[in-house]
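Next come the chains, spelled out residue by residue.
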Amino acid sequence: FQMCNHIIATTEPQTELLIDKYDVLERRISVVPPGMDESRFSPIRLEDQKALRQKYGFEEHDVLVVGRMAKNKGHDLLLKSFPTLKELVPDARIFAAIGSDDSARDKKGIEELKKLANELGVEKDVVWRPYIPDEELADHYRCGAVFSMSSRYEPFGMVAIEAMACGTPSVVTVHGGLKDAIDFGNQALFADPFRPIEYGTMLAVPMLYEDISKEISIEGARFARRVFGWTGIAKQILKIFESHIQVNNMNIHKNSVLRY
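Residues numbered from 1 in each chain as written. Predicted model: local features only at pLDDT ≥ 70, side-chain atom pairs only at ≥ 80, totals over all residues. Heavy atoms only, no water.

Concerning the side chain of Thr15
And step 1. Here Thr15 shows up in helix H1 (residues 12–22).
And step 2. In this structure Thr15 touches Ala9, Ile29 and Val31, once residues within four positions along its chain are discounted. (Helix = DSSP H or I, 4+ residues; strand = E, 2+ residues; numbered from the N terminus. Contact = heavy atoms within 4.5 Å.)

A closer look at the packing of helix H6 (residues 158–165) against helix H8 (residues 210–228)
And step 1. In contact at an axis separation of 7 Å, H6 and H8 are set at 120 degrees when each is read in the N-to-C sense. When the axes of H6 and H8 are compared, the pair comes out oblique. As H6 runs across H8, the sense of the crossing is left-handed. Residues Ile161, Met164 and Ala165 of H6 form the contact with H8, whose own contacting residues are Gly220, Ala221, Phe223, Ala224, Arg225 and Phe228. (Axes fitted to C-alpha atoms, helices over the stretch in contact; angles between N-to-C directions. Parallel < 35°, antiparallel > 145°, perpendicular 65-115°, else oblique. Left-handed = near helix turned anticlockwise from the far one by under 90°.)

Notes on the packing of aromatic side chains
And step 1. Counting across every chain of the model gives 6 aromatic pairs.
And step 2. Seen in terms of ring centroids, Phe58 and Phe95 are 3.8 Å apart; in terms of plane orientation they differ by 15 degrees. Their pairing is stacked. With Phe58 in the loop between helix H2 (46–56) and strand E3 (62–67) and Phe95 in strand E4 (residues 93–98), this residue pair connects regions lying 37 residues apart in the sequence.
And step 3. Given a relative accessible area of 7%, Phe58 falls into the buried group.
And step 4. Consider the rings of Tyr141 and Phe147, whose centres lie 5.7 Å apart with planes at 75 degrees: the pair is edge-to-face.
And step 5. For Tyr141, a relative accessible area of 0% puts it in the buried group.
And step 6. Classification of Phe147 by relative accessible area gives buried; the value is 0%.
And step 7. Three or more aromatic residues joined by ring pairs make a cluster, and in this case those are Phe41, Tyr141 and Phe147.
And step 8. Residue placement shows Lys179 over the ring face of Phe190; its charged tip is 5.3 Å from the ring centre. (Phe/Tyr/Trp six-rings, centres within 6.5 Å; stacked < 30°, edge-to-face > 60°. Buried < 20%, exposed > 50% of the residue type's maximum accessible area, 1.4 Å probe, protein only. Lys NZ or Arg CZ within 6 Å of the ring centre and 35° of its normal.)

Comments concerning helix H3 (residues 75–88)
And step 1. Its 14 residues give H3 an end-to-end C-alpha distance of 20 Å, which sits within 8% of 20 Å, the value for a rise of 1.5 Å per residue.
And step 2. If you look at H3, its biggest bend is around 35 degrees, right at Phe82, and the proline Pro83 turns up within four residues after that.
And step 3. Taken together, the buried positions of H3 are His75, Asp76, Leu77, Leu78, Leu79, Ser81, Phe82, Thr84, Leu85 and Lys86. (Expected span 1.5 Å × (residues − 1). Bend = angle between axes of the 7 residues up to and from the residue.)

Quick look at a negative patch on the surface
And step 1. Together, Glu12, Glu16, Asp20, Asp23 and Glu26 line one region of the surface with negative charge.
And step 2. Looking at the element boundaries, Glu26 is found in the loop between H1 and strand E2 (29–31). (Patch = residues over 30% accessible without salt bridge, like charges linked within 9 Å, V, L, I, M, F, W, Y side chains within 5 Å. Areas by Shrake-Rupley, 256 points an atom, 1.4 Å probe, with all protein chains shown as cover. Salt bridge = Lys/Arg side-chain N within 4 Å of Asp/Glu carboxyl O. Lys, Arg positive; Asp, Glu negative; His and termini not counted. Charge placed at Lys NZ, Arg CZ, Asp CG, Glu CD.)

A look at the sheet that holds strand E5 (residues 126–128)
And step 1. Taking strand neighbours across the sheet as the criterion, the 6 strands line up as E5-E4-E3-E6-E7-E8 in an open arrangement whose pairing is parallel. If you trace the sheet from one side to the other, it starts and ends with E5 and strand E8 (189–191), each paired once. Strand-to-strand twist across the sheet, computed as the mean angle between neighbouring axes with direction ignored, equals 25 degrees.
And step 2. Sheet topology note: the E3/strand E6 (residues 146–148) ladder contains 2 bridges and is parallel. Residue pairing across strands places Val63 opposite Val146, the latter belonging to E6.
And step 3. Where H6 meets the sheet, its contacts fall on E3, E6 and strand E7 (170–173), and the angle it forms with E7 comes to roughly 165 degrees. (Pairing = 2+ DSSP bridges.)

Notes on empty space enclosed by the protein
And step 1. Inspection of every chain in the model, using the stated rule, returns 1 cavity of 30 Å³ or more.
And step 2. Of the voids in this model, the largest cavity is the one considered here, and its volume is about 30 Å³.
And step 3. Class assignment for the residues of the lining of the largest cavity results in 8 nonpolar, 1 polar and no charged. (1 Å grid on protein atoms, 1.4 Å probe; cavity = no way out; pocket = protein on both sides within 12 Å on 5 of 7 lines; lining within 4 Å. Points joined across faces, edges and corners; volume = space filled by probe spheres on them. Nonpolar A, V, L, I, M, F, W, Y, C, P; charged D, E, K, R; others polar.)

Description of the environment of Leu178
And step 1. Structurally, Leu178 can be placed in the loop between E7 and E8.
And step 2. A C-alpha to C-alpha distance of 19 Å links Leu178 and Val63, two positions 115 residues apart in sequence.
And step 3. Discounting residues that sit within four places of it in the chain, Leu178 has contacts with Met149, Phe156, Gly157, Ala160, Ile161 and Val172.

Let's talk about a nonpolar patch on the surface
And step 1. Where nonpolar side chains cluster on the molecular surface, the patch consists of Phe1, Leu17 and Tyr22 and spans about 310 Å² of accessible area.
And step 2. Accessibility expressed as a relative area gives 48% for Phe1, which makes it partly exposed.

Coordinates in, geometry out; function isn't part of it.
Structure (structure tokens):
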């Protein structure tokens, strides 16, 4: 890090880590978030959404979760919040696309989640889909009534950004970098996944209030595509490169004059 002319971090917490743990000067760091393909992740018409839901087995009040089978992802915390959601939205379900098809560790973790769901009495309301092919990911995002990212910790959370870009109201965690980037209630909702009642309530809000769902769907998609689309991200990175090229050229010219 000390030998770099400049460092691009993806979040403010990463910047703080570089400063505190690696003694990097703050002026040598810029923050540019990860990006996604805005031409791939985009909203669709209501009629097309209904057709996709029928195709993939979604129902009207399904909460979609997509992610690796890892402790920090907080899938168990989502399950613990589900009884609160069910109390508010009786026909709600969880559509859980967690892990992969060929990992023994993932299978063991999913079995533990299924056991927890059974203990909570919600097993019959959880649809388990351990793997979604990459080419079908955007369409699955579009099917959910709400997208959930209940991580214990998440440096950023691109799955939530991709879901938002597809127009799906999203509830994210307060334990991660994305919370500071969004406007609560306008672009997305957030809650503490360690407080299951709070998190379950936030999941219910877009299902209970159509105007809030529509607001978050439209503004969330606009925000995600504008700020995190590859086009905008590329422009930010190019701007950083250009500024350093100009500085280097000035230094070269200055040194040439001094030598002369």
